[in-house]
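Coordinate inspection notes
So the chains spell out like this:
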Amino acid sequence: MAAPRSPLSRLFTVLLAGLLAGLALALAALPGNLLLGFAARSAIGTYAALPAALRTPATPQRSYLYANDGKTLITTFYDVNRTDVALSEVAPVMRQAIVAAEDRRFYSHGGADLRGLARALVANVKGGGTEQGGSTLTMQYVRNVLKTDPTRTPEERAAATDQTVGRKLQEIRYASALEQSLGKDEILGRYLNIAYFGSGAYGVAAASQRYFGKAPAQLTLAEAALLAGLVQSPDAYSPIDGDSAAALERRSYVLDSMVATGAITAAQGAQAKAEPLALHPTAQPNGCISVAQGHDDWGYFCDYLRQWWLAQPAFGATVAEREQALRAGGYTVITSLDPQVQATAQQQATKVYGYDNKRALPIAAVEPGTGRVLAMAVNRHYSLADNPAGQSNYPNTVNPLISGGASVDGYQAGSTFKLFTMLAALESGRTLSTGFDAPAKLPTRYAAEGPGSCDGKWCPANANPEWMDGYRMMWDGFGRSVNTYFVWLAEQVGQDKVVQMAQRLGITFRADSDAAFAKDNAANWGSFTLGVAATTPLDLANAYATVAAEGTYCTPQPVVSVSAANGEKVPVGQPACKRVLDADVARAATDAARCPVGQQSPYGQCNGGTATGVNGILDGRPVAGKTGSSEENATETFVGFTPQVAVAGIAANPDDPTDSVGSAVQTKVIDAVARVIATAVKGQPEKAFTAPSRELAGEPRRPVERAPVVPDRRQTREDPLTRLQRWLDRRG
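Analysis parameters
Residues numbered from 1 in each chain as written. Predicted model: local features only at pLDDT ≥ 70, side-chain atom pairs only at ≥ 80, totals over all residues. Heavy atoms only, no water. Helix = DSSP H or I, 4+ residues; strand = E, 2+ residues; numbered from the N terminus. Buried < 20%, exposed > 50% of the residue type's maximum accessible area, 1.4 Å probe, protein only. Contact = heavy atoms within 4.5 Å. Core = buried A, V, L, I, M, F, W, Y, C linked by side-chain atoms within 4.5 Å. Disulfide = S-S within 2.5 Å. Pairing = 2+ DSSP bridges. Axes fitted to C-alpha atoms, helices over the stretch in contact; angles between N-to-C directions. Salt bridge = Lys/Arg side-chain N within 4 Å of Asp/Glu carboxyl O. pLDDT = per-residue confidence, 0-100. Polar contact = N/O pair within 3.5 Å; in protein donor to acceptor, adjacent residues only side chain to side chain. Phe/Tyr/Trp six-rings, centres within 6.5 Å; stacked < 30°, edge-to-face > 60°. Lys NZ or Arg CZ within 6 Å of the ring centre and 35° of its normal.

**A few points about the overall build of the chain**
- The helix and strand tally for the chain stands at 30 helices and 21 strands.
- In the chain, buried positions account for 55% of the 732 residues.
- By sequence separation, contacts in the chain at least 24 residues apart represent 72% of the contacts at least 6 residues apart.

Shown next as structure tokens:
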């Protein structure tokens, strides 16, 4: 079935017939070898003089995003649904079918089939309802390239399909020049990669997936004939969006043509004609909104990657160019997303709060030493779908609740910020043994009014005086999360040094008020050590990952590698790391961070913690971490790390910071984060933390009561001589 002829097409045919009919009819009588010679000699210019797009195809292609296993597809990005494949990856019957359907003399003409053109001209002038184009596959390839060339202006692309004599002659010249330099199979492969097959599918690879859910190498005879029949009139023949009866009729025509060319036997053709239309339509995801089915939680990571991509100069000089590169460049992106870690994080986030809960538990996991982001989960669907009445941001949202940005400043992370005070103190020359008799309340020099003040001064208090008050060092001050100890310590070091330490480890102040305080009044930010600044799980996890990597900060990275359409690696995604802490300082902070999670420092100074259940969940594997509760338990946080992974989760109400999540959820947050860590390290060799030097440990000023703790496995496996030496070292 042919598409109806337009008046413009009829006019073009008559004009072109008047100019070329005599020449074509005369040439049609020439022997084939003379005809081919004429076609070659009539080409104006050389291959080198052709438009660059014809010499080096720059057709838009779909970009693929995979998880870190290189196999799990997250999503694709495209303006044009196309993926180039080598001709060897296309089933032979597909190659034969397209030649039989569109250009039976493909392997014998020189780019412009003058005999075919003559027949088409005569037939079209006579009319009769069946219009013949006379364009060879090579000429069609030229037209397709020029009308889609992204380097051309819209006017130039439109001119590639003008119904004019000049355009047709140019097409013939370009086709002849191509045939002088390229082999037939090269041209056929290029044609199959650019032809439009309807239903949004450009190229045989996209068409195979769109119509049959398979690779082009797996196409059967009946499937290949159907696809080959679509290119003449893709919208009319498409069995998905058009007329399935017309598609089957066109398939029969292609099969008859294949019999006529000798590609198949009459029996094979008859058998293929008898096969029913067996479609398996497969829609390719496009962008972060349409990630793989059943995994809309991946959308948050996808969006983070997209924002990272738009900031990379390697993909263009402007944001618009980088966006176009992602949607048309045919890149293969192996991301850092770990499907198993992500699945556990999502399961744990939704276990604490359901999708319909106004409160959220965003969780992020980062790999120390590389900055690669392994998981980003939250109890929300990444979706633009409408929410039920009265619900603003749940269960559906595309806001960056885990990474921050746009309208998301973050959440208060409470006492997890005490890490920055401890690091600043250690860096200033203080030791883990630095002691202070921590009172229930500590009057400070900072002016304050209201319930938290003492005689007009800010007066922080310990949450559990009976358990927290008294003489503390960094070990048990951190383990028991003693507010007055760390406020005192921050005063000794200087609040500005603490703020600077947080920034060195990647804490970004997205809230305008926080940014202003950090810039103009950091020295007087007395409450900073208690975690009053807004942060995100990703920033927090990466800050603790810096300590896990013994002081090496790595910029968060969402990719492992990026390959261009030609297979070449793009120089992006490599870990961007730098040393921001002395290794011994980081080791000392890690040593104290063993106390909160129920493990023991090699110096034996842990005597209680706020998250001791973590040790059991990790089965004694070396781990460290810190809890955090903001004022009136508005948020509850836990961040934990091993040498191989750092994970942070913050329970909060993203839409209403006055809605306190309450202290009861803290144990659930701790459990959730610990189980994500357990998944991340499963199957990996157990790695021990390196003990800090005695110089940074210092000398405890008094014996300490030691709560029952489980030492890490490395210590229990030491030989007797090593244990004896450790005992002697502790006693000088």
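Past the structure itself, the notes keep going.
**Observations concerning the nonpolar core**
- Judged by nonpolar contacts, the single largest core of 107 residues is most densely connected at Phe-420 and Met-422.
- Residues contacting Phe-420, with those up to four places away along its chain left out, are Val-498, Met-501, Ala-502, Leu-505, Ile-507 and Ala-543.
- By size, the runner-up hydrophobic cluster in this structure holds 60 residues, among which are Phe-106, Tyr-211, Ala-222 and Val-231.

**Considerations on the environment of Ala-523**
- Within the secondary structure layout, Ala-523 lies in the loop between helix H23 (512-520) and strand E15 (534-535).
- Spatially, the C-alpha atom of Ala-523 lies 6.4 Å from that of Gly-494, the residues being 29 residues apart in sequence.
- Sequence-distant contacts of Ala-523, defined by excluding residues within four places in its chain, comprise Arg-445, Tyr-446, Gln-495 and Asp-496.

**Some words on the state of the cysteines**
- One pass over the full model with this rule turns up 4 disulfides.
- What pairs with Cys-288 in a disulfide is Cys-302, and their sulfur atoms sit 2.1 Å apart. On the sign convention where negative means left-handed, the S-S torsion of about -80 degrees between Cys-288 and Cys-302 marks this disulfide as left-handed. Placement of the pair is Cys-288 in the loop between helix H14 (266-274) and helix H15 (298-309) and Cys-302 in helix H15, with a sequence separation of 14 residues. Accessibility assignment for this pair places Cys-288 and Cys-302 in one class, buried.
- Along the chain, the cysteines engaged in disulfide bonds are linked according to the scheme 1-2, 3-4, 5-6, 7-8 when indexed in sequence order.

**So, the sheet that holds strand E17 (residues 559-563)**
- Strand order in the open sheet formed by 4 strands is E2-E1-E5-E17, and the pairing between neighbours is mixed. The two strands at the open ends of the sheet, each matched to only one other strand, are strand E2 (73-77) and E17. This sheet shows a mean twist of 15 degrees between the axes of neighbouring strands, independent of strand direction.
- Sitting on the sheet, H15 is in contact with strand E1 (63-66), E2, strand E5 (332-335) and E17, with an inclination near 45 degrees to E2.

**Quick notes on the sheet that holds strand E19 (residues 624-629)**
- Within the open sheet, the 5 strands sit side by side as E7-E6-E21-E20-E19. Their pairing is antiparallel. Two strands lie at the open edges of the sheet, namely strand E7 (373-377) and E19, each paired on one side alone. Each strand axis lies, on average, 5 degrees off the axis of its neighbour in the sheet, ignoring direction.
- Judged from the 4 bridges that link them, strand E6 (residues 363-366) and E7 form a sheet pairing that is antiparallel. Counterpart to Val-366 in the pairing with E7 is Val-373.

**Side note on the environment of Gly-452**
- In this structure, Gly-452 sits in the loop between strand E11 (436-438) and strand E12 (453-454).
- In this structure the C-alpha to C-alpha distance between Gly-452 and Lys-441, which are 11 residues apart in sequence, comes to 9.6 Å.
- Not counting residues within four places of it along the chain, the set of residues in contact with Gly-452 comprises Lys-457, Trp-458 and Cys-459.

**Quick word on the pattern of salt bridges**
- Counted by the stated rule, this structure contains 19 salt bridges.
- Here Arg-504 ties to Glu-427 by a salt bridge, and the two come within 2.7 Å at their closest N and O atoms. Placement of the pair is Arg-504 in helix H22 (residues 495-504) and Glu-427 in helix H18 (residues 418-427), with a sequence separation of 77 residues.
- A relative accessible area of 31% places Arg-504 in the partly exposed class.
- Between Lys-497 and Asp-496 there is a salt bridge, with the nearest N and O atoms lying 3.8 Å from each other.
- A relative accessible area of 43% places Lys-497 in the partly exposed class.

**What to know about the confidence of the model for the chain**
- Looking at the chain as a whole, its pLDDT mean stands at 87, while 86% of the residues score no less than 70.
- In this model, residues 128-132 is a region of pLDDT below 50 whose contacts with residues beyond four sequence positions or in other chains number 8 contacts.
- Counting interchain partners and residues more than four positions distant, the pLDDT-below-50 stretch residues 703-732 has 43 contacts.

**Observations regarding unusual backbone geometry**
- Of note, the bond from Tyr-394 into Pro-395 is cis; its omega dihedral lies within 30 degrees of zero at 5 degrees.
- At Glu-550, a position not held by glycine, the phi torsion is positive, near 55 degrees.
- The phi angle at Asn-633 is positive, at roughly 55 degrees, despite the residue not being glycine.
- One can find Asn-633 in the loop between E19 and strand E20 (636-641).

**A short note on the side chain of Thr-431**
- Secondary-structure assignment places Thr-431 in the loop between H18 and E11.
- Accessibility expressed as a relative area gives 18% for Thr-431, which makes it buried.
- Look past the residues within four positions of Thr-431 in its chain and what remains in contact with it is Leu-426, Met-474, Glu-695, Leu-696, Ala-697 and Gly-698.

**Concerning the pairing of E19**
- Summarising burial for E19: 5 of the 6 residues are buried, a large majority.
- Here 6 bridges tie E19 to E20, and the two strands are oriented antiparallel to one another. Bridge assignment links Thr-627 to a residue of E20, and that residue is Phe-638.
- The loop that links E19 with its antiparallel partner E20 comprises 6 residues; one of these, Glu-632, has a positive phi angle of about 55 degrees.

**Some details on the side chain of Thr-76**
- Among the secondary structure elements, Thr-76 is positioned in strand E2.
- The exposure class of Thr-76 is buried, given its relative accessible area of 0%.
- A distance of 2.2 Å separates the side chain of Thr-76 from the backbone oxygen of Pro-285, its partner in a polar contact.
- For Thr-76, the contacting residues outside a window of four places in its chain are Arg-62, Ser-63, Tyr-64, Gln-284, Pro-285, Asn-286 and Gly-287.

**Re the pairing of E1**
- Side-chain alternation along E1 places Ser-63 and Leu-65 on one buried face and Tyr-64 and Tyr-66 on a second face that is also buried.
- The sheet contact formed by E1 and E2 spans 4 bridges and is antiparallel. Bridge assignment links Tyr-66 to a residue of E2, and that residue is Leu-73.
- Here E1 folds back onto E2, and the loop between the two strands holds 6 residues, one of which, Gly-70, carries a positive phi near 75 degrees.
- Both E1 and E5 contribute to a ladder of 3 bridges, which runs parallel. Counted as the bridge partner of Tyr-66 is Ile-334 from E5.

**Some thoughts on the packing of aromatic side chains**
- Per the stated rule, a full pass over the model turns up 22 aromatic pairs.
- Here Phe-509 and Trp-525 contribute two aromatic rings whose centre-to-centre distance is 5.8 Å and whose plane-to-plane angle is 50 degrees, an arrangement assigned as tilted. One end of the pair, Phe-509, is in the loop between H22 and H23; the other, Trp-525, is in the loop between H23 and E15, with 16 residues separating them in the sequence. Exposure class is identical for Phe-509 and Trp-525. Each is buried.
- Every member of this aromatic cluster is reached through a ring pair, and the members are Phe-417, Phe-420, Phe-509, Phe-517, Trp-525 and Phe-528.
- One residue, Lys-184, lies across the ring of Phe-106, its end atom 4.6 Å from the ring centre.
- In this structure, Lys-626 is placed above the aromatic ring of Phe-478, and the distance from its NZ or CZ to the ring centre is 5.6 Å.

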